[in-house]
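The residues making up each chain are set out below.
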Amino acid sequence: MQPNFLVVIVDQMNSFSLGWNGNDEVRTPNLDRLAAEGVNFNRAYPSNPVCQPSRATLHTGLTPRQHGLTTNGCNLDENIPTVTGVLAANGYRTHCVGKIHLQPFSTDARDDDGQPATWESRDLWNDGTIKELPLPFYGYESVDYVGGHVNYVNGDYVNDVEAKRPGTKAELSREKAYYSAGPQTWRMPIPPEWHYNDWITERSIDFLSAQEDQPFFLVTSFPDPHHPFCAAKPYSEMYDPAAVSLPDNWNHLEDPCGYLERFDMGDRNMHRNWDEAVLRESIAQTYGMITHIDDCVGRLLSALDECGLTKNTIVVFLSDHGDYLGSHHLLFKGPWPYEPVVRVPLIWRAPGGQQGMGVSQPVSHLDFVPTVLDYAGLDQQDFDLRGGQQAQRAILPGESLRPVIDTGARPQQDGKLMEFDEDGVSQEMCRYRMLITERWKICIYGGFGEGVLYDLENDPLEMQNLWDDPGHLQVKAEMLAKLGDRLALTDRMDNYRYCGA
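So, here is what we can say about the structure in this document. Note that the structure is a prediction, hence the values are computed from the model and not measured.

Rules used throughout
- Residues numbered from 1 in each chain as written.
- Predicted model: local features only at pLDDT ≥ 70, side-chain atom pairs only at ≥ 80, totals over all residues.
- Heavy atoms only, no water.
- Helix = DSSP H or I, 4+ residues; strand = E, 2+ residues; numbered from the N terminus.
- Rg over C-alpha atoms; globule rule 2.2 N^0.38 Å.
- Contact = heavy atoms within 4.5 Å.
- Areas by Shrake-Rupley, 256 points an atom, 1.4 Å probe, with all protein chains shown as cover.
- Lys, Arg positive; Asp, Glu negative; His and termini not counted.
- Charge placed at Lys NZ, Arg CZ, Asp CG, Glu CD.
- Salt bridge = Lys/Arg side-chain N within 4 Å of Asp/Glu carboxyl O.
- Buried < 20%, exposed > 50% of the residue type's maximum accessible area, 1.4 Å probe, protein only.
- 1 Å grid on protein atoms, 1.4 Å probe; cavity = no way out; pocket = protein on both sides within 12 Å on 5 of 7 lines; lining within 4 Å.
- Points joined across faces, edges and corners; volume = space filled by probe spheres on them.
- Nonpolar A, V, L, I, M, F, W, Y, C, P; charged D, E, K, R; others polar.
- Pairing = 2+ DSSP bridges.
- Axes fitted to C-alpha atoms, helices over the stretch in contact; angles between N-to-C directions.
- Polar contact = N/O pair within 3.5 Å; in protein donor to acceptor, adjacent residues only side chain to side chain.
- Parallel < 35°, antiparallel > 145°, perpendicular 65-115°, else oblique.
- Phe/Tyr/Trp six-rings, centres within 6.5 Å; stacked < 30°, edge-to-face > 60°.
- Lys NZ or Arg CZ within 6 Å of the ring centre and 35° of its normal.

## A closer look at the overall build of the protein chain
Moving on, step 1. A count of helices and strands for the protein chain gives 15 helices and 17 strands.
Moving on, step 2. In terms of overall dimensions, the protein chain is globule-like: its C-alpha atoms have a radius of gyration of 22 Å, near the 23 Å expected for 501 residues.
Moving on, step 3. Dimensions of the protein chain along its principal axes, counting C-alpha atoms only, are 65 × 65 × 55 Å.
Moving on, step 4. Once local pairs closer than 6 in sequence are excluded, the contacts in the protein chain between residues at least 24 apart make up 72%.
Moving on, step 5. Total accessible area on the protein chain stands at roughly 18900 Å², and carbon and sulfur atoms take up 46% of it.
Moving on, step 6. Placing the 41 positive and 72 negative side-chain charges of the protein chain at their respective mean positions leaves the two points 1 Å apart.

What follows is the structure in structure tokens.
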């Protein structure tokens, strides 16, 4: 029997904000229970520390260079196969509740035919031009859509809740109306039952309750805890800002290499233009947002039990990327390659799999699609890049984690690849390529010949860049060779091939 999947995705949560991973301040009892009943990968990394490229990898199994969505503000090519489309073609019922973000939301542009250039446009949803997503949407047969974050959410949720509770949309948009500590930190003036987290949970439970014999792939995607850091009551009052712990390196402003020292753009000031009071409130509100999600996860797990689905449902919890959350005096996400922004929670609970096991070897979002296909009994050859009998087949660069989850085996790949591509439209142009192994992290910034090399075993706070250290030239050379090998293996190969010569 093919298993069901419940995939819970959150936005911008780092691995260090999970109780099971050693954070004794944030309250995540339901996620801790999930980890105790499954396998916790405490060194999981996205393919890219930015929303859209990361989410495109989760749907395609490809690196951003391969699927082409390399930075926010792009559309994922609808011709590229997705895991949801492959599952739907093989008997699965596919549904998403919440955030998708495979198309940008900050434009109201239209194509030559007058159709929306992006179906996730905030403005076109808000003015009523878009009332629903065209289906199937990247392989999802149905969608309950939520776009944006906090005060700029939109989509099916806003339309539904506004119809039932007039005035909610205005309350959501009342930025800083209740309490504000900084430009990206306040407390939400609505109760949790009006909140999109609860709406997403209720719609997901409705979907679970309607399932019968057909296997399903349900993605429940929460926009939180992405900034603005803003929780709803009672979660907004749950954590005392004065009592939260700050990262040990929170006031360390020294950049690790010359390129980052010269990285002079407006966004750089946004990352560091705050004081300790703002950081404390940001952490307190982030923890409140996470605990709200944790309560919602508890409701989802109870619904699986009540619907008799637990024994045949694989549950996955992950984040698309992390947040610096004060590390090295930074907030949000960006080109500094520190662990809090590139290390994310990842839990797999599979029926019959290992329980309470922790995995300290690096794994990646690139491993998500191969693992789902493995459990679903499908072959990677289902991923034709362009269709047709002679289409070039995709080589999925990740590995299936099923042997790890089922038997406790070690991950096989030596090092995980990450990419960062900012094209200069919204920020200064920046490219980096990074490889992370069990001990070492190397990151090179394209066009400058500069980079970082960290010994994560002996320097977990990433305070000493060994790139130019004479005693580590051999390690640097070996890591650069591994990085080059991985880049060559994952280069694009999606041009249609008609014949052999």
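## Overview of the pattern of salt bridges
Moving on, step 1. Tallied over the full model, the rule gives 29 salt bridges.
Moving on, step 2. E37 is the salt-bridge partner of R33, the closest N and O atoms lying 3.2 Å from each other.
Moving on, step 3. Note that K441 is salt-bridged to E462, the shortest N-O span being 2.6 Å. In this pair, K441 sits in strand β16 (residues 440-445) while E462 sits in the loop between β17 (450-455) and α15 (473-489), placing the two residues 21 residues apart along the sequence. Both residues of the pair, K441 and E462, belong to the buried class.
Moving on, step 4. Sharing partners across several salt bridges, the network here consists of D11, R55, K99 and D320.

## Things to note about empty space enclosed by the protein
Moving on, step 1. For the coordinates displayed, the defined rule picks out 5 cavities of 30 Å³ or more.
Moving on, step 2. Empty space within the largest cavity amounts to approximately 60 Å³.
Moving on, step 3. The wall of the largest cavity is formed by V7, I9, L58, H59, V83, Y140, F217, V219, L318 and F368.
Moving on, step 4. When contributions to the lining of the largest cavity are tallied by element, the ones reaching two or more residues are β1 (4-10), α2 (51-60) and β9 (216-221).
Moving on, step 5. Tallied by class, the residues present in the lining of the largest cavity amount to 9 nonpolar, 1 polar and no charged.

## A short note on the sheet that holds strand β11 (residues 346-349)
By definition, the strands of a sheet pair up through backbone hydrogen bonds, in either a parallel or an antiparallel sense.
Moving on, step 1. Taking strand neighbours across the sheet as the criterion, the 9 strands line up as β6-β5-β4-β9-β1-β10-β11-β2-β12 in an open arrangement whose pairing is mixed. The open sheet is flanked by β6 (154-155) and β12 (357-359), the only strands paired with a single partner.
Moving on, step 2. Note that strand β10 (residues 313-319) and β11 share 4 bridges and pair antiparallel. Along β11, the bridge assignment pairs V316 with W348.
Moving on, step 3. This element, helix α8 (residues 196-209), spans β4 (93-98), β5 (142-147) and β9 of the sheet and lies at about 170 degrees to β9.

## A word on the side chain of D459
Moving on, step 1. For D459, the location among the structural elements is in the loop between β17 and α15.
Moving on, step 2. For the buried D459, no salt bridge exists, and the shortest N-O distance to an oppositely charged side chain is 9.8 Å, to K441.
Moving on, step 3. A distance of 3.0 Å separates the side chain of D459 from the backbone nitrogen of M463, its partner in a polar contact.
Moving on, step 4. Setting aside anything within four residues of it in sequence, one finds D459 in contact with Y454 and Q464.

## Focus: the packing of helix α6 (residues 156-164) against α8
Moving on, step 1. For the pair α6 and α8, the least separation of the axes is 11 Å and the interaxial angle reads 100 degrees. If you check the angle between α6 and α8, you find them roughly perpendicular. Within the contact between the two elements, α6 uses D156, Y157 and D160 and α8 uses Y196, W199 and R203.

## Here we look at helix α13 (residues 368-376)
Every α-helix carries 3.6 residues per turn, so stepping three or four residues along brings you back to the same face.
Moving on, step 1. Most of α13 sits out of view: 8 of its 9 residues are buried.
Moving on, step 2. Along α13, the residues that are buried comprise F368, V369, P370, T371, V372, L373, Y375 and A376.
Moving on, step 3. Within two residues after α13, G377 carries a phi angle of roughly 75 degrees, on the positive side.

## Digging into the sheet that holds strand β14 (residues 416-422)
Moving on, step 1. Read across the open sheet, the 4 strands follow the order β14-β15-β16-β17; overall the sheet is antiparallel. Of all the strands in the sheet, the pair left with one neighbour each is β14 and β17. The average undirected angle you get between the axes of adjacent strands in this sheet is 10 degrees.
Moving on, step 2. Sheet topology places β14 next to strand β15 (residues 430-436); 7 bridges connect them, and they run antiparallel. Within β15, the residue paired with M418 across the bridge is M434.
Moving on, step 3. Against the sheet, α15 contacts β14, β15, β16 and β17, and its axis sits at roughly 70 degrees relative to β16.

## Considering the packing of aromatic side chains
Moving on, step 1. Applying the stated rule across the entire model yields 18 aromatic pairs.
Moving on, step 2. Ring plane angle 85 degrees and centroid distance 5.7 Å describe the contact between F207 and F216, whose orientation is recorded as edge-to-face. In this pair, the class of F207 matches that of F216, namely buried.
Moving on, step 3. Between W348 and Y375, the aromatic rings sit 6.3 Å apart at their centres with planes inclined by 20 degrees, giving stacked as the arrangement. Residue W348 is located in strand β11, and its partner Y375 is located in helix α13; the two are separated by 27 residues in the primary sequence. With respect to burial, W348 and Y375 carry one shared label: buried.
Moving on, step 4. An aromatic cluster of three or more residues is present, and its members are Y259, F420, Y432, Y445 and F448.
Moving on, step 5. Cation over ring: R27 sits above Y239, and NZ or CZ is 5.0 Å from the ring centre.

## Considering the packing of α8 against helix α11 (residues 276-306)
Moving on, step 1. At their nearest, the axes of α8 and α11 sit 10 Å apart, and the two run at 10 degrees to each other. One finds that α8 runs roughly parallel with respect to α11. Residues N197, D198, T201, E202, S204, I205 and L208 of α8 pack against H292, I293, C296, R299, L300, A303 and L304 of α11.
Moving on, step 2. Classifying every residue of the contact of α8 with α11 by side-chain character gives 7 nonpolar, 4 polar and 3 charged.

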